[in-house]
Amino acid sequence: MRRTKRYKVEGANSLWKIYDTVPFLKVVKNFIVIQIARYTPFLPVKNWLYRTFLKMEVGKQTSFALMVMPDIMFPELIKVGNNSVIGYNTTILAHEYLIEEYRLGEVNIGDNVLIGANTTILPGVTIGDNAIVSAASLVNKDVPAGAFVGGNPIKIIYTKEEMEERRKKEGQRKPFV
């Protein structure tokens, strides 16, 4: 279940009221910072930009691949743990502008999480520690710690326990240890 706060609007759809919900200059600043970060190949610089100008919580040694698109209006609602990888061209949304309302929700991505390329993460979800999200997925609900999920919308492919069993059979060590 996604945790979002709903705000009703009247008249035109909520996107027409965007600058009643977020200051114009904030969006301009965020747009510029995000565009610089999307093309920056230097991970420490990218994380510094996100922390300093967008007020995102970004853990140590977390990697945002090229073209990752954090929420342009409410990036401060995004938290990413330590040693996680956010894949190429992934979109992380903390807002939804709909016809009769808009919604805001925090996105919490745990430690040692792998997000595959071209994934979209919707507002109000938590992705647990050591989870894996396959490429081109739509994360529309919480992902349990240690699970392997994928699809549009996501489904659990392997639970944490099944992943541990697969690793034992394949002779792999525990992830990120």
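K.L.:
Please explain the pattern of salt bridges as it appears in this structure.
P.N.:
For side chains of opposite charge, pairing can occur when their charged atoms come near one another. Under the definition given, this model contains nine salt bridges. Put simply, E96 and R2 hold a salt bridge, and the shortest N to O gap is 3.2 Å. Here R2 lies in the segment before β1 (5-8) and E96 lies in strand β8 (residues 95-97), a separation of 94 residues in the sequence. Looking at E96, the relative accessible area reads 14%, which means it is buried.

K.L.:
Would you mind going over the sheet that holds strand β12 (residues 120-121) with me for this structure?
P.N.:
Strands belonging to one sheet form pairs held by backbone hydrogen bonds; the direction of such a pair is parallel or antiparallel. With respect to topology, four strands assemble into an open sheet ordered β4-β7-β12-β15, the strand pairing being parallel. Two strands in the sheet have a free side with no partner beyond their single neighbour: β4 (69-70) and β15 (138-139).

K.L.:
Whenever I open this one, the nonpolar core confuses me. Can you help?
P.N.:
A general feature of soluble globular proteins is that nonpolar side chains tend to end up buried together. By size, the foremost hydrophobic cluster in this structure holds 41 residues, and its most contacted members are F64, I109, I121 and I127. Once you skip the residues sitting within four places of it in the chain, I127 turns out to touch N108, I109, G110, V113, I115, I121, V133, V139 and V143.

K.L.:
Honestly, the packing of aromatic side chains in this entry has me stumped. Any pointers?
P.N.:
For any pair of aromatic rings, geometry is given as the distance between the ring centres together with the angle between the planes. Counted by the stated rule, this structure contains six aromatic pairs. Geometrically, the ring pair formed by W48 and F53 is edge-to-face, given 5.4 Å between the ring centres and 90° between the ring planes. W48 sits in the partly exposed class, given a relative accessible area of 47%. You can call F53 partly exposed: its relative accessible area is 31%. Ring geometry for Y97 against Y102: centres 5.4 Å apart, planes inclined by 20°, an arrangement best described as stacked. Judged on exposure class, the residue Y97 and its partner Y102 are both buried. By the ring-pair criterion, three or more aromatic residues cluster together here, those being Y7, Y97 and Y102.

K.L.:
I tried to follow the environment of I109 on my own but got confused; where do I start?
P.N.:
Here I109 lies in strand β10 (residues 107-109). Residue I109 is classed as buried on the basis of its relative accessible area of 3%. Leave out the neighbours within four places in its chain, and I109 touches K79, V80, G81, I86, I92, I121 and I127.

K.L.:
Looking at this structure, I do not really get helix α2 (residues 24-39). What am I missing?
P.N.:
Every α-helical turn comprises 3.6 residues, leaving residues that sit three or four positions apart pointing alike. For α2, built from 16 residues, the straight-helix expectation of 22 Å at 1.5 Å per residue is met to within 8% by its first-to-last C-alpha distance of 23 Å. Along α2, the residues classified as buried are V27, N30, V33, I34, A37 and R38. The buried side chains of α2 occupy one side of the element, clustering within an arc of 135° when seen end-on. Along α2, exposed side chains directed more than 90 degrees from the buried face belong to L25 and Y39. Considering only its buried residues, α2 is in contact with α1 (18-21), α3 (43-53) and β4.

K.L.:
How do you make sense of the side chain of S63 when you look at a structure like this?
P.N.:
Mapped onto the elements of the fold, S63 is located in strand β3 (residues 63-64). Residues contacting S63, with those up to four places away along its chain left out, are L43, S84, V85 and I86.

K.L.:
What is the right way to look at the environment of I132 in this model?
P.N.:
Relative to the helices and strands, I132 resides in strand β14 (residues 132-133). Sequence-wise, I132 and N112 are 20 residues apart; in three dimensions their C-alpha atoms are separated by 8.9 Å. Every residue in contact with I132, bar those within four places of it in the chain, is listed here: L114, A147, F148, V149, M163 and R167.

K.L.:
Even after reading the chapter, I still don't get the sheet that holds strand β5 (residues 78-80), so can you show me in this structure?
P.N.:
On the basis of which strands lie adjacent, the open sheet formed by four strands has the order β2-β5-β10-β13 and parallel pairing. Edge positions in the sheet fall to β2 (57-58) and β13 (126-127), since each has one partner strand and no second. Inspection of the sheet shows β2 paired to β5 by two bridges, in the parallel sense. Of the residues in β5, the one forming a bridge with E57 is K79.

Cut-offs used in this document
Within every chain, residues take consecutive numbers counted from 1 along the sequence as written. At least 70 in pLDDT is required for a residue's local features to be given in this predicted model, at least 80 for side-chain atom pairs to be given and counted, and no such filter applies to totals for whole chains, interfaces and linings, which use all residues. Here the side-chain values reflect all heavy atoms present in the structure, with hydrogen atoms and water set aside. Basic side-chain nitrogens of Lys or Arg form a salt bridge, by our definition, when they fall within 4 Å of a carboxyl oxygen of Asp or Glu. Only DSSP runs of H or I covering at least 4 residues are called helices, and only runs of E covering at least 2 are called strands; the numbering of each starts at the N terminus. Buried means the residue's accessible area, taken with a 1.4 Å probe over protein chains only, is under 20% of the maximum for its type, while exposed means over 50%, and partly exposed covers the values in between. By the convention used here, strands pair only if DSSP detects at least 2 bridges between them. To qualify as a nonpolar core, a set must consist of buried Ala, Val, Leu, Ile, Met, Phe, Trp, Tyr and Cys residues joined through side-chain atoms within 4.5 Å. By the convention used here, residues are in contact when the closest approach between their heavy atoms is within 4.5 Å. Here a Phe, Tyr or Trp ring, Trp counted by its six-membered ring, pairs with any other such ring whose centre lies within 6.5 Å, and the pair is stacked when the planes are under 30 degrees apart, edge-to-face when over 60, and tilted otherwise. The length a helix should cover is 1.5 Å for every residue beyond the first. Note that the arc is computed from the directions linking the helix axis to the C-beta atoms.

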